[in-house]
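Single-letter residue listing:
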Amino acid sequence: MKKLVITIDGPAGAGKTTVSKALAERLQYRYIDTGALYRGVAYEAKAKGISPDDGHQLETLCRDLELTFVRNEKGVRLFSGEIDISDYIRTPEMSMMASAVSAHPMVREALLGLQRKMGAEKSAVFEGRDMGTVVFPQADVKFFLTADLSVRASRRHRELEEKKSPQKFEEVEKDMARRDTNDSSRAVAPLKPADDAISIDSTQYSVEAVIELMMKHINEKI
Ligand code: DC
């Protein structure tokens, strides 16, 4: 059977994770969070004392990466070797570091093969920044999900509060704006919609409404 690839790109806090997981569940596809892979690189760099600006050392680090997604009773988890790093990679510090390491061409190159291999294994929903533009230009259905900065920042602020990781709203909004700028202005694989992506602005929509709209497009296309 043909393996289908659905891509969801967009800036931080647009709701990509929630809708990607829901679509994957409905379609019985795999869900792949590619941001987690960049966070994994950031985690490894920090653990080894490598600066996110040191391209040379990051290149060496990427040669020995052992990042794998494992589904267990806690959901889909990211492992580095034998260690479950899923919770460690979700801090505001790791968000900024992931954005910084992701601007290095050889880090992107190292993760490109890994992501394409996952796309060849099983039908999947991939969320990220360059899924529809660079990693899967032939994807079956591509979405670009956005929302106003203040809405995205308040969603992220609420998530951090729930995790008891307090950060002032203004700080969350500032970090997010910085990350948007980094991710959209880098030279390699910047965040932008693919020409054939379906753009959805979730500012005014509920999560359920976005999922329904996406399912409608998917059913029409497949
Ligand atoms: O989706 P996220 O917020 O977990 O991603 C963290 C960072 O990783 C993001 O700021 C930029 C980078 N990233 C990327 O460059 N390309 C992707 N496909 C996914 C994430």
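Residues numbered from 1 in each chain as written. Predicted model: local features only at pLDDT ≥ 70, side-chain atom pairs only at ≥ 80, totals over all residues. Heavy atoms only, no water.

Undergrad: Can you walk me through the site of the ligand in this structure?
TA: Taken together, 16 residues lie around the ligand, and Arg-39, Arg-108, Arg-179, Asp-183 and Arg-186 are the ones closest in. In the model, an oxygen atom of the ligand is placed 2.7 Å from a nitrogen or oxygen of the Arg-39 side chain. Separating an oxygen atom of the ligand from a side-chain N or O atom of Ser-102 is a distance of 3.3 Å. The fraction of the free accessible surface of the ligand (440 Å²) that becomes covered by protein chains is 97%. At the level of secondary structure, the elements contributing two or more residues to the shell around the ligand comprise α2 (34–47), α4 (92–101) and α8 (169–185). Among the elements that line the shell around the ligand, the one with the most residues is α2, at 4 residues. (Near = heavy atom within 4 Å. Polar contact = N/O pair within 3.5 Å; in protein donor to acceptor, adjacent residues only side chain to side chain. Areas by Shrake-Rupley, 256 points an atom, 1.4 Å probe, with all protein chains shown as cover. Helix = DSSP H or I, 4+ residues; strand = E, 2+ residues; numbered from the N terminus.)

Undergrad: Looking at this structure, I do not really get the nonpolar core. What am I missing?
TA: What tends to happen in soluble globular proteins is that the nonpolar side chains get buried as a cluster. With 31 residues, the main nonpolar core has Val-41, Leu-58, Phe-69, Leu-78, Phe-126 and Phe-136 as its most contacted residues. Of all the secondary structure elements, the ones that give two or more residues to this core are α2, α3 (55–63), β3 (67–72), α4, α5 (105–121), β6 (124–128) and α6 (131–135). By residue number, the principal contributor to this core is α2, which donates 6 residues. Once residues lying within four places of it in the same chain are set aside, the contact partners of Leu-58 are Ala-45, Ile-50, Ser-51, Pro-52, Val-101, His-104 and Val-107. (Core = buried A, V, L, I, M, F, W, Y, C linked by side-chain atoms within 4.5 Å. Buried < 20%, exposed > 50% of the residue type's maximum accessible area, 1.4 Å probe, protein only. Contact = heavy atoms within 4.5 Å.)

Undergrad: In this structure, what is going on with helix α9 (residues 207–221)? I would like to understand it.
TA: An α-helical turn contains 3.6 residues, so any two residues separated by three or four positions project in the same direction. Over its 15 residues, α9 extends 21 Å from the first C-alpha to the last, a length consistent with the 21 Å expected when each residue adds 1.5 Å. Inspection of α9 places Val-210, Ile-211, Met-214, Met-215 and Ile-218 among the buried residues, and these make up the whole buried set. Looking straight down α9, one finds that the buried residues subtend no more than 135° of arc, so they occupy a single side. Turned more than 90 degrees away from the buried face of α9, the exposed residues are Glu-208, Lys-216, Asn-219 and Glu-220. (Expected span 1.5 Å × (residues − 1). Arc of directions from axis to C-beta.)

Undergrad: Which parts of the structure should I look at to understand the environment of Thr-60?
TA: Mapped onto the elements of the fold, Thr-60 is located in helix α3. Considering only alpha carbons, one finds Thr-60 and Met-106, 46 residues apart in sequence, at a separation of 9.6 Å. One polar contact links the side chain of Thr-60 to the main-chain carbonyl oxygen of His-56, over a distance of 3.2 Å.

Undergrad: Please clarify how α4 should be interpreted in this entry.
TA: In terms of burial, α4 is largely enclosed, as 7 of its 10 residues are buried. Of all the positions in α4, only Met-94, Ser-95, Met-96, Met-97, Ala-98, Ser-99 and Val-101 are classed as buried. Packing partners of the buried residues in α4 comprise α2, α3, α5 and α8.

Undergrad: Sorry if this is basic, but what is going on with the pattern of salt bridges here?
TA: Pairs can form between side chains of opposite charge once their charged atoms are near each other. Summed over all chains, the structure comprises 14 salt bridges. A salt bridge links Lys-48 to Glu-44; the shortest N-O distance between them is 3.0 Å. The residue Asp-180 makes a salt bridge to Arg-152 at a minimum N-O spacing of 2.7 Å. Note that Asp-180 is positioned in helix α8 and Arg-152 in helix α7 (residues 149–162), a separation of 28 residues in sequence. Side by side, Asp-180 and Arg-152 carry an identical accessibility label, which is buried. (Salt bridge = Lys/Arg side-chain N within 4 Å of Asp/Glu carboxyl O.)

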